[in-house]
Amino acid sequence: MPTTHLAGPVLVIGTGLLGTSVGLGLSTRGLSVWLCDPSPSAQTIAQDIGAGTILVPGRPLAPELVVVAAPPDVTAAVVAQALLDFPMSTVIDIASVKGSILEAVRADGRITDEHLARYVGTHPMAGRERSGPASARGELFTSMPWVVCAHSGSRGDSVKTAEALAIDLGATVSRMNAADHDDSVALISHFPQVASSLIATRLLNATGHSLALAGNGLRDTTRIAASDPKLWIQILSHNAGSLVPILRGMHVDLERLICTLSDPGASGALLDLAELMGEGNAGQARIPGKHGAPPQAFALVTVVVKDKPGQVAKLLMEIGDAGINVEDLRVEHSAGHQVGLVDVSVIPGRREELITVLSALGWKVAQ
C-alpha cells in the first residue's frame, strides 16, 4: 500500500460524487473509511463500489478526520453536528462556497471557540457534469487544486490534517481565506456556469436545422450548462455577494455591445467592436495552460481523421513513436462528413517536425 499522510479512520458524511470519490481515493490507499448519508441507496452504492463501509447508527467511532460532503444549504448544520458528535476529530467540508458556511457554523449557539478550532473549510476544484456516487472516481482529485481556507481560530494540527487529505488524494494544496476564495470561484467557476446556462437557454426555441449546424464553439460554451441545477441553485445563492458585481460588469459590457450593434455604421462603431473583441482576447490569454504556461506557448497541428474506431488512438501512438509530446488535444466532428478534425498542440519548435512525420505516414494535415 502507498504511504499516506493520514492515519485514519476517516468518516465521509455525504456520498454524492465528491464524497464517494474521496472514499474511493482513500480506500485504494489502504485507509479505513466509513460512510454516512441520509439516502440509503446512495451510501449503499458508495459501499458497493468500494468507497468504504456504511457506518451503523450508534456504532462508536473516533475518526481522525470527518469529511462533510453535503449540499451547501445543509453543510453548516452537518459540520456543527459533526463537531459535537466527534469531539476529538478534525472536521472539514468540501463545499464550493466557504464564507457563508463559516459564518453559519459560528452562529450556531452550540458551537464554542474550542469546537470551531477543529473546523477547516476546504474546496477541491474538481468535479464532473454527472452527479451521484455512480459517477465517482478515485482519481478525480489527481493534480487538481484543493483550496484550504483555514479561519483565524483553526488549530494548526487540524489545518495539517485537512492538507494531508488533499495530498493523499493527489491534489495540489492552495491556501486562501474564505472571502478571497469566494471571490475567486465566483469569477472562474460560478460566473462561467451562469453564462453557459444563459447561452443554452437561447437554444430552447431554435429550429432543428439551425442546431444541425452547431460546431465545437457552441458545444464548448454550453458544455457546463448540463450541470446539476439543484446543486447550482444552492451554490449561486450562497455566493451571490461575490457573483453579483461580476454580473453587473457583464451587464455594462452587454449594454455597450447592444448600443454599438444597434447602429454598426456609426462613427467609431467598428473600433468599439474591435476593442471589445480585443479585450476578450487579452482576458482569454491570461488563463493558464498546461504547467501554468499560457495557451499561446503551444503550436497547433490539425489532422483529418476518418470517423471509425481506433483512428485517434493510432494517431496518438504514431505521434508518441516519433518522440513528440502532445501538450493538448481537441477533437471536432465535421458536420455531414465521416471525418473528424483533431487539433494537436505541441511545443512550437516541433510543429514542422510533426507535420513532416504525419504527412509521411499518410495522415492528412490541414495547413
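Here's a quick rundown of the structure. (Residues numbered from 1 in each chain as written. Predicted model: local features only at pLDDT ≥ 70, side-chain atom pairs only at ≥ 80, totals over all residues. Heavy atoms only, no water.)

Description of the pairing of strand β1 (residues 10-13)
(1) Moving on: Burial along β1 is two-sided: the face carrying Val-10 and Val-12 and the face carrying Leu-11 and Ile-13 are both buried.
(2) Moving on: The pairing of β1 with strand β2 (residues 33-36) spans four bridges and is parallel. The partner of Val-12 across the bridge, within β2, is Leu-35.
(3) Moving on: The parallel pair β1 and β2, bridged by helix α1 (residues 17-27), forms a crossover whose chirality is right-handed. (Buried < 20%, exposed > 50% of the residue type's maximum accessible area, 1.4 Å probe, protein only. Helix = DSSP H or I, 4+ residues; strand = E, 2+ residues; numbered from the N terminus. Pairing = 2+ DSSP bridges. Right-handed = clockwise from strand over helix to strand, strands pointing away.)

Digging into the environment of Leu-329
(1) Moving on: Relative to the helices and strands, Leu-329 is located in strand β10 (residues 328-333).
(2) Moving on: With a relative accessible area of 34%, Leu-329 lands in the partly exposed category.
(3) Moving on: Once the C-alpha coordinates of Leu-329 and Ala-134 are considered, the two residues, 195 residues apart in sequence, prove to be 27 Å apart.
(4) Moving on: Excluding its chain neighbours within four sequence positions, the residues that come into contact with Leu-329 are Leu-316, Val-342, Asp-343 and Val-344. (Contact = heavy atoms within 4.5 Å.)

Digging into unusual backbone geometry
(1) Moving on: The step from Gly-8 to Pro-9 runs through a cis peptide bond, and the omega angle for that step is -5°.
(2) Moving on: Here Pro-9 shows up in the segment before β1.
(3) Moving on: Look at Ser-143: it is not a glycine, yet its phi comes out positive at around 65°.
(4) Moving on: Locating Ser-143 in the fold gives a position in the loop between β6 (119-124) and β7 (145-149).

Notes on helix α10 (residues 229-238)
(1) Moving on: Within the span of α10, buried status applies to Trp-232, Gln-234 and Ile-235. For α10, the arc enclosing every buried residue in end-on projection is 160°, short of the 170-degree limit, so these residues lie on one face. Structural note: α10 exposes Pro-229, Lys-230, Ile-233 and Ser-237 on the side pointing more than 90 degrees away from its buried face.
(2) Moving on: Tucked inside the fold, the buried residues of α10 contact α3 (72-85) and α7 (178-201).
(3) Moving on: Two or three places before Lys-230, at the start of α10, stands the capping residue Asp-228, its side-chain oxygen 3.1 Å from that residue's backbone nitrogen. (Arc of directions from axis to C-beta. Polar contact = N/O pair within 3.5 Å; in protein donor to acceptor, adjacent residues only side chain to side chain.)

A word on the packing of α3 against helix α4 (residues 99-107)
(1) Moving on: Two elements in contact, α3 and α4, have axes separated by 9 Å at closest approach and are oriented at 45°. The angle between α3 and α4 falls in the class oblique. By crossing handedness, the relation of α3 to α4 is classed as right-handed. Of α4, the residues touching α3 (which contributes Thr-75, Ala-76, Val-79 and Leu-83) are Ile-101, Ala-104 and Val-105.
(2) Moving on: A breakdown of the residues in the contact of α3 with α4 according to their chemical character gives six nonpolar, one polar and no charged. (Axes fitted to C-alpha atoms, helices over the stretch in contact; angles between N-to-C directions. Parallel < 35°, antiparallel > 145°, perpendicular 65-115°, else oblique. Left-handed = near helix turned anticlockwise from the far one by under 90°. Nonpolar A, V, L, I, M, F, W, Y, C, P; charged D, E, K, R; others polar.)

Observations regarding the packing of aromatic side chains
(1) Moving on: Under the definition given, this model contains one aromatic pair.
(2) Moving on: With 5.1 Å between their ring centres and 55° between their planes, Phe-141 and Trp-146 make a pair best called tilted. The same class applies to Phe-141 and to Trp-146, which are both buried. (Phe/Tyr/Trp six-rings, centres within 6.5 Å; stacked < 30°, edge-to-face > 60°.)

Remarks on a nonpolar patch on the surface
(1) Moving on: Among the surface-exposed residues, Met-250, Leu-254 and Ile-258 lie close enough to one another that they form a single nonpolar patch of about 250 Å² accessible area.
(2) Moving on: Mapped onto the fold, Leu-254 is located in helix α11 (residues 240-262). (Patch = residues over 30% accessible without salt bridge, like charges linked within 9 Å, V, L, I, M, F, W, Y side chains within 5 Å. Areas by Shrake-Rupley, 256 points an atom, 1.4 Å probe, with all protein chains shown as cover. Salt bridge = Lys/Arg side-chain N within 4 Å of Asp/Glu carboxyl O.)

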